[in-house]
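Architecture at a glance
What follows is each chain in one-letter form.
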Amino acid sequence: MKKSSMKFVVILTLVAVALLAAIVIVNNNQISDELEDVRLDVNIKGQPIIGEDNAPVTVVEFGDFKCPSCKAWGETIYPQLVEEYVLSGDVKFSYINVLFHGEESTLAALGAEAVYKLNPEVYWDFHEKVFANQPEAAMHDDVWVTTEKLLEIASEFPSINQEQLKENIDQELTVDEVNIDKNLYMKHKVTQTPTININGITIKNPFDYEEIKEIIDGELGANKNE
Ligand code: CA
């Protein structure tokens, strides 16, 4: 082979390699773009958080105090999550109010946001007590969220100033916080409660603890490799 044609072959090979490399890069970008499409982090700034601030995995529940499945999730899946991942510092957990059950959902959200604003240290206990007061599933459509009920629940916490809380609820002083939550669940296209989001990924079945574990472990592994 002549020297010039040899040079031509080398150039052709280099061009081919460069083209292949470009194709691989484009494909990789497509794959990460697809992942980014399904991953949408929830902005939990200003929201109640349980767990370490610097926990590598964030789990967000979009829930509704009037929703029987949310009560069930809180009593079955949530304790396992806390026991296994929150206490170890791997997960921080937050809760966003969804208002799918009308005025009572809104009232409960206004009350819970008021407790969080006035006495953040008792927020999670209050949250749990509100769910505990939800009647059994067959009767969940009955009216049970009232200002009196919320104040009665709050009366179990000596640090809560009842008058201040009543004023907050009556005057809807936490309507901005409730609207922030509403905008969040609309942004994340939440159509059912509870919806559970893990580091931006919405899981298919919130009651499948194995799926929750798998995603959290995957996120923790990815974090360690970084
Ligand atoms: Ca909130």
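Refer to the structure presented above.
Summarised in this report is the structure supplied together with it. Everything numeric in this text was worked out from a predicted model, so none of it was measured.

1. Quick notes on the coordination of the calcium ion
Summarising the metal site, the calcium ion is bound by the protein donors Gln47 (OE1), Glu113 (OE), Asp181 (OD) and Asp181 (OD), whose distances to it range over 2.2 to 2.6 Å. For the calcium ion, the single-chain donor residues occur in sequence as Q-x65-E-x67-D. Of this pair, Glu113 sits in helix α3 (residues 103-118) while Asp181 sits in helix α7 (residues 175-187), and the two are 68 residues apart along the sequence. You can call Glu113 buried: its relative accessible area is 5%. Overall, the relative accessible area of 0% leaves Asp181 in the buried class.

2. Quick word on the sheet that holds strand β5 (residues 201-202)
Here 5 strands make up an open sheet; going across it, the order is β1-β3-β2-β4-β5 and the pairing mixed. Both edges of this open sheet fall to β1 (49-50) and β5, since each of them pairs with a single strand only. Pairing geometry for strand β4 (residues 195-198) and β5, over 2 bridges, is antiparallel. Directly across from Ile198, in β5, lies its bridge partner Ile201.

3. A few points about the pattern of salt bridges
Applying the stated criterion across every chain, the model contains 7 salt bridges. In this structure, Lys213 and Glu84 form a salt bridge, with 2.4 Å as the shortest nitrogen-oxygen distance. Pair noted here: Lys213 is in helix α8 (residues 209-225) and Glu84 is in helix α2 (residues 68-86), with a separation of 129 residues, a long-range link.

4. With respect to the packing of helix α4 (residues 123-132) against helix α5 (residues 147-154)
Interhelical geometry of α4 versus α5 gives an angle of 130° and a closest axis separation of 10 Å. Relative to α5, the element α4 lies oblique. In this structure, the crossing between α4 and α5 has a hand that is right-handed. Of the residues in α5, those in contact with Phe126, Lys129 and Val130 of α4 are Leu150, Ile153 and Ala154. Classifying every residue of the contact of α4 with α5 gives 5 nonpolar, no polar and 1 charged.

5. Points about the layout of surface pockets
For the largest pocket, the calculated volume is near 270 Å³. Together, 16 residues line the largest pocket, and Gly74, Glu75, Tyr78, His127 and Glu128 are the ones closest to its centre. Only α2 and α4 provide two or more residues apiece to the lining of the largest pocket. Counting residues per element, the lining of the largest pocket draws most heavily on α2, which supplies 7 residues.

Conventions used here
Residues numbered from 1 in each chain as written. Predicted model: local features only at pLDDT ≥ 70, side-chain atom pairs only at ≥ 80, totals over all residues. Heavy atoms only, no water. Donors = N, O, S within 2.8 Å, 3.2 Å for Na, K, Ca; no water. Helix = DSSP H or I, 4+ residues; strand = E, 2+ residues; numbered from the N terminus. Buried < 20%, exposed > 50% of the residue type's maximum accessible area, 1.4 Å probe, protein only. Pairing = 2+ DSSP bridges. Salt bridge = Lys/Arg side-chain N within 4 Å of Asp/Glu carboxyl O. Axes fitted to C-alpha atoms, helices over the stretch in contact; angles between N-to-C directions. Parallel < 35°, antiparallel > 145°, perpendicular 65-115°, else oblique. Left-handed = near helix turned anticlockwise from the far one by under 90°. Contact = heavy atoms within 4.5 Å. Nonpolar A, V, L, I, M, F, W, Y, C, P; charged D, E, K, R; others polar. 1 Å grid on protein atoms, 1.4 Å probe; cavity = no way out; pocket = protein on both sides within 12 Å on 5 of 7 lines; lining within 4 Å. Points joined across faces, edges and corners; volume = space filled by probe spheres on them.

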